[in-house]
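Residue-level listing of the chains:
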Amino acid sequence: MKTSNPVLSRLGQAAERERAAGYAPAGQYGAPSYGEPYPTAAGYPAAPPTTQPMTIDDVVVKTVTLLAIVGASAAAAWVLVPDSLTGAAWIGAALVGLVLGLVISFSRMANPALVVTYAVIEGVFVGMVSKFFEVVAGYQGIVLQAVVATFGLFFVMAMLYKARVIRATPKFVRGMIAVMAGLFAVMLINFVLAIFGFNTGLRDNGLLGIGFSLVCIVVASLSFVLAFAAVEEGVRLGLPQRYSWTAAFGILVSLIWLYVEMLRLLSYFQGDD
């Protein structure tokens, strides 16, 4: 099966590889129903093993599991890491998480263990970022506000996608990929310049900083559409159940990005008080 969506094409390729290797979802491509053995009489070719295909429920369960891991890891980091090491732990977790995220994104096979490890590392990152804004910087209540705003936007986007108000058309996907790549490049350049003491004002409490955060929040919210479409496409293609971890990973990445941008934006407004 093929898909015209460039982001989702990797899922289709994965499905083709699985079937070429002998995978066949139960009830499809001549495979028997679950619980029914393949015929073994003479004359029958060797039959491929059956594997449960991923479902929407699988992705929901995996997403909730990853969020629980992130929450537990964040809470542990908040308690165990002293305030003086918050910045170092924040940067370290961000770099390790970036590497793991790229490995998962470009991997040809679903790797649940790697996705879970990513959730643990990102939990440390989220915990340190949250502790910095709430405790070190002194923005009281900002973490709860950011959490509520993040999940509120997530559910709004889910409803809009379900109602087909926003669809992951090939043009939309190509545009999103270009915009996200551009934002990533800008943030990376800004980070490098900041290391050398050059302040662009992109992350300051000003019109430029607020505007940039608003752009990031809009793009992060729209990235949920790509994640939802990937889940839908994976189910349609009959991918093996373990690919639900990869789909849940996509949702988790968008949630964490949106949460961090929400923290920044809320800190700008609190800083004006």
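Check the entry above for the structure.
Residues numbered from 1 in each chain as written. Predicted model: local features only at pLDDT ≥ 70, side-chain atom pairs only at ≥ 80, totals over all residues. Heavy atoms only, no water.

### Focus on the pattern of salt bridges
Opposite charge on two side chains makes pairing possible when the charged atoms of those side chains draw close. Applying the stated criterion across every chain yields a total of four salt bridges. Residue K131 is joined to D83 by a salt bridge in which the shortest nitrogen-to-oxygen separation is 3.0 Å. On the criterion of sequence distance, the pair formed by K131 in helix α4 (residues 112-136) and D83 in the loop between α2 (56-80) and α3 (86-106) is long-range, its members being 48 residues apart. A relative accessible area of 5% means that K131 is categorised as buried. R236 is the salt-bridge partner of E233, the closest N and O atoms lying 2.8 Å from each other. With a gap of three residues between them, E233 and R236 both fall in helix α7 (residues 207-237), about one helical turn apart. The exposure class of E233 is buried, given its relative accessible area of 11%. (Salt bridge = Lys/Arg side-chain N within 4 Å of Asp/Glu carboxyl O. Helix = DSSP H or I, 4+ residues; strand = E, 2+ residues; numbered from the N terminus. Buried < 20%, exposed > 50% of the residue type's maximum accessible area, 1.4 Å probe, protein only.)

### Observations concerning unusual backbone geometry
The phi dihedral of R164 is positive, around 65 degrees, even though this residue is not glycine. The residue R164 is located in the loop between α5 (142-162) and α6 (170-195) in this model.

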